[in-house]
Amino acid sequence: MTDDAYLFLALSTDGWQGTPLALVGELECLDTPAVRAWFTAQNVRPTSAVVRVVPPEQTGLIPKDAERLPVPLSEEELERVRRATVTDRVADIEEELLAFRDSEDNRDGLLRRALAAGVPAHRIVELSGIDPSTLSSASRG
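In what follows, the accompanying structure is described. (Residues numbered from 1 in each chain as written. Predicted model: local features only at pLDDT ≥ 70, side-chain atom pairs only at ≥ 80, totals over all residues. Heavy atoms only, no water.)

A count of helical and extended segments in the chain gives 6 helices and 4 strands. Reading the helices (α) and strands (β) of the chain from amino to carboxyl end gives β-β-α-α-β-β-α-α-α-α. Taking all 141 residues of the chain together, 40% fall into the buried category. Taking the contacts inside the chain whose residues are at least 6 apart along the sequence as the reference set, 75% of them involve residues at least 24 apart. When the accessible surface of the chain is split by element, carbon and sulfur atoms take 50% of a total near 8,200 Å². (Helix = DSSP H or I, 4+ residues; strand = E, 2+ residues; numbered from the N terminus. Buried < 20%, exposed > 50% of the residue type's maximum accessible area, 1.4 Å probe, protein only. Contact = heavy atoms within 4.5 Å. Areas by Shrake-Rupley, 256 points an atom, 1.4 Å probe, with all protein chains shown as cover.)

Structure follows, in structure tokens:
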């Protein structure tokens, strides 16, 4: 684990690819010469959809061949990155819940993960199409 957050370029849309920088907002480090040079070298702008950011505790999840750059963040900026990352995880779980309508593979595990990610029970029921009593029994399992 490192103390720096990382900017990196998403290689594809498959699987986890970090949090889009656009969800986090402006970071002080974006105005530094090193970060501006990195964007120039990568031929991307900070607003590009391929630019992602991860907090220090998730740097191990960056794809191995992704172009990356460590960036120091203030405590407030780091907290914004973490909040955006949580929001991104909820969106991923919600996509899985929508796909669940067509399958019942590992139903209870998916429902428990959705609850643990902070997806409200009413939203889980809405997305997955399950009966609310099913959610109650799955959460106990």
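Before going further, it helps to spend a moment on the packing of aromatic side chains. Summed over the entire model, instances satisfying the criterion amount to 1 aromatic pair. Ring centres 5.4 Å apart and planes at 65° place the aromatic pair W38 and F39 in the edge-to-face group. In terms of burial, W38 and F39 fall into one category: buried. (Phe/Tyr/Trp six-rings, centres within 6.5 Å; stacked < 30°, edge-to-face > 60°.)

Only one face of strand β4 (residues 68-71) is buried: it carries L69 and V71, and the other face, with R68 and P70, is open. As paired strands, strand β1 (residues 5-9) and β4 are joined by 4 bridges and run antiparallel to one another. Paired with A5 across the bridge in β4 is V71. (Pairing = 2+ DSSP bridges.)

Below, the discussion takes up the sheet that holds β1. Here we have 4 strands laid out as an open sheet, ordered β2-β3-β1-β4, and antiparallel in their pairing. Only two strands of the sheet have a single partner each, and these edge strands are β2 (19-20) and β4. Across 2 bridges, the pairing between β2 and strand β3 (residues 51-54) is antiparallel. Opposite P20, over in β3, you have R52 as the bridge partner. Along the sheet, helix α2 (residues 33-42) makes contact with β1, β3 and β4, crossing β1 at roughly 20°. (Axes fitted to C-alpha atoms, helices over the stretch in contact; angles between N-to-C directions.)

Within helix α5 (residues 121-128) the residues assigned to the buried category are I124, V125, L127 and S128. Looking one or two places after α5, you find G129, whose phi comes out positive at around 80°.

Here we take up the nonpolar core. Ranked by size, the top nonpolar core spans 20 residues in total, and within it L7, L21, L30, V35, F39, V71 and L73 carry the most contacts. Listed by contribution, the elements that provide at least two residues to this core are β1, α1 (21-24), α2, β3, β4 and α3 (75-100). With sequence-adjacent residues up to four places away left out, V35 is seen in contact with L7, C29, L30, L69 and V71. (Core = buried A, V, L, I, M, F, W, Y, C linked by side-chain atoms within 4.5 Å.)

This part covers unusual backbone geometry. One non-glycine residue, N43, adopts positive backbone phi at about 60°. The residue N43 is located in the loop between α2 and β3 in this model. Under the relative-accessibility criterion, N43 is labelled exposed at 70%.

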